[in-house]
2 protein chains.
Amino acid sequence: MKIAQLAPVWERVPPVKYGGIEMVVYLLTEELVKRGHEVTLFATGDSKTSAELSSIYHTRPPRNLLAGGDLVPDLLHVTSAFKRADEFDIIHNHAGYCGIALANFVSTPVLTTLHGPFMAENKRFFKTFKDAVYYNSISDAQKKGLAGLNYVGTIYNAIDVDRYEFKSKKKDYFLFLSRITADKGAHTAIDVAKKAGVNLIMAGKIDPGSDTEYFEKMIYPQIDGKQIKFLGEVTDKRKKELLRDAKAFLFPLQWPEPFGLVMIEAMAAGTPVIAFPYGSVPEIVIDGESGFIVNSVEEMIGAITKIDKIDLFKCRNYVEKKFGATRMVDDYEEVYKKIIKRHNSSRG
Amino acid sequence: MKIAQLAPVWERVPPVKYGGIEMVVYLLTEELVKRGHEVTLFATGDSKTSAELSSIYHTRPPRNLLAGGDLVPDLLHVTSAFKRADEFDIIHNHAGYCGIALANFVSTPVLTTLHGPFMAENKRFFKTFKDAVYYNSISDAQKKGLAGLNYVGTIYNAIDVDRYEFKSKKKDYFLFLSRITADKGAHTAIDVAKKAGVNLIMAGKIDPGSDTEYFEKMIYPQIDGKQIKFLGEVTDKRKKELLRDAKAFLFPLQWPEPFGLVMIEAMAAGTPVIAFPYGSVPEIVIDGESGFIVNSVEEMIGAITKIDKIDLFKCRNYVEKKFGATRMVDDYEEVYKKIIKRHNSSRG
């Protein structure tokens, strides 16, 4: 197939540091090329790829620099891809809104992977253009946010499992690793660790604004540097070490996150996940096998006490099978074929 | 002709208070309908128009509410117009970037009126899509900011002259009316008034951020409520009274503004303009006839002393002829015809 992969313009492929979307685009593109497809990747010029690379920006443009806010780089990048629409059997849009709007004007079928959650304010946008685009969700939970779109399936994100070192001998701590926000339950993780009498290492970025206030009020006073440690934002290397060495990954999530990639990263390193059942959690964690799904602080403490019952090798194998790049690309290949067939027949 | 007028989504047509673009779109649309054209106005639902009104938003959406910043309302609004492209002989885009990007995907010719100045950061955008759109500038000065676009002419903005009361008997003050910024020379107006020994009334909005700092440091300490008065932001009604009663309008502009509508409003009320020669000033003010173009504080003081030599009736007549809606719509009609002809012949 001739496939256009349209990445966001805001981070290179693969990402330098953070960037779940760009990592998925990277793995998908590499594997598609390996399988013999003709892939063109629309991404920043500093991206690394085996596909043909098409770039407007040499590197990611700064945010909010321009008179038109973020609009100009986004529009310029996405339009450059759609102007070449006729060259492709399918355009795979990971770049969101602009790609959806432009899909109205080309005859090549467009698949949009929904990478974010639905918000009340943008539902109108998706509904207005629901006939222009095929969508895939990244979890069944995500789809609950907006019914009635042209869904062709749920395809879970993947990681490159080989990049995660597995360790069955753990150090004496539990891990909270995420942006430090109330949504992610940073304060609940501390509460759980204190009541359970276990060590907690916390790592993650604090965004300016309300998250800083949250950190100063709810988190900072509880850090003692012994039982409760806070490392701030860490490198990718350090993150993987922290995941690898933890007894379990605590994820007391408080909102319906559409896909929690970090849970998969933990399990790949042989670290079970103990999480509240919001969003994609029940689709990602197998209760009693790759961790525990719990409903309260008390249940999370209970799960901590029985964490040794989890088979860490099974955690790893489970991720390889369900969240590896091979499975993801199998799924996307199938969906591409389905869309092209449906699109051609609907156009008579 | 079948004409689509595409207004920005951020303010109704005509504007409730401020909104130079929306006022131009209003005058243009009303006059085109009067002349028998079939006009569809794409604007918010609370707009007032004799044309067919097509709206996605009932009223202007809030800024920066959405996950995608201002992108979502902008894209949604503009795409809704372009999806109907085939119904029109021409699309007249006043909505900026989105309209330019989408012009790549329709066969109807698109005229974009450049309402803002060119910034270094967005020149790349205009250059990339230079073949997709016809442009008209709103002054010759504006075009200097970016050569090589597909310009079909310069068409000055217009005002509805009848809405400006003319008065030849003036009160004892000079007027500075603009946003209070260094760019507009608010501090210079004070300097001039003090040195000339005349009264100055200042009115205008102070934007949060650097403009507030500028006001507090450079302007506020000099306001004495007698010789130098500051009224803050005023209503449209009060603005017209202030313009009407002033001996002259002081415009010590410090940057190349592409079009200074307020100068025309002043002259329409029979109030001469004394301005520095930046941007569109030399195209708008006739030196010695509708005011004075000066190059320094000293020359501005000199102009104040000879302001009685200006014939105020001539100011008014000049605006009626050169900046009235009739002239503007004559110009646009001609440009529309020229574009349609050129477009059809280039498409064989």
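Residues numbered from 1 in each chain as written. Chains lettered and ligands numbered in written order. Predicted model: local features only at pLDDT ≥ 70, side-chain atom pairs only at ≥ 80, totals over all residues. Heavy atoms only, no water.

> Summarise the relation of the copies chain A and chain B; cite the residues concerned and give the values.
Take chain A, turn it by 180°, move it 0.0 Å along the axis, and it overlays chain B with an RMSD of 0.0 Å. Classification of the inter-copy transformation places it as that of a two-fold axis. Both copies share a contact surface, since 100% of the interface residues of chain A are interface residues in chain B too. (Least-squares fit on C-alpha atoms with pLDDT ≥ 70 in both. Contact = heavy atoms within 4.5 Å.)

> Describe the interface of chain A and chain B, naming the residues involved and giving the relevant values.
Contacts between the two partners involve 28 residues from chain A and, on the opposite side, 28 residues from chain B. Carbon and sulfur atoms make up 80% of the area that chain A and chain B hide from each other, which totals about 2,600 Å². Applying the counting rule to chain A against chain B returns zero salt bridges. At the boundary of chain A and chain B, one finds four residue pairs in polar contact (both at pLDDT 80 or more). Of all the elements in the fold, those that place two or more residues in the side of chain A that touches chain B are helix H2 (71–82), helix H3 (97–102) and helix H4 (120–128) of chain A. Among the elements that line the side of chain A that touches chain B, the one with the most residues is H2 of chain A, at seven residues. Broken down by class, the residue content of the side of chain A that touches chain B amounts to 19 nonpolar, five polar and four charged. (Buried area = accessible area lost by both parts, 1.4 Å probe. Salt bridge = Lys/Arg side-chain N within 4 Å of Asp/Glu carboxyl O. Polar contact = N/O pair within 3.5 Å; in protein donor to acceptor, adjacent residues only side chain to side chain. Helix = DSSP H or I, 4+ residues; strand = E, 2+ residues; numbered from the N terminus. Nonpolar A, V, L, I, M, F, W, Y, C, P; charged D, E, K, R; others polar.)

> Break down the packing of helix H6 (residues 186–196) of chain B against helix H7 (residues 210–219) of chain B for me, with residues and values.
All names here are of chain B. Where H6 contacts H7, the two axes come as close as 10 Å, and the packing angle between them is 15°. Taken together, the axes of H6 and H7 are roughly parallel relative to one another. By crossing handedness, the relation of H6 to H7 is classed as right-handed. Residues Ala186, His187 and Ile190 of H6 pack against Tyr214, Met218 and Ile219 of H7. Within the contact of H6 with H7, the residues separate by chemical class into five nonpolar, one polar and no charged. (Axes fitted to C-alpha atoms, helices over the stretch in contact; angles between N-to-C directions. Parallel < 35°, antiparallel > 145°, perpendicular 65-115°, else oblique. Left-handed = near helix turned anticlockwise from the far one by under 90°.)

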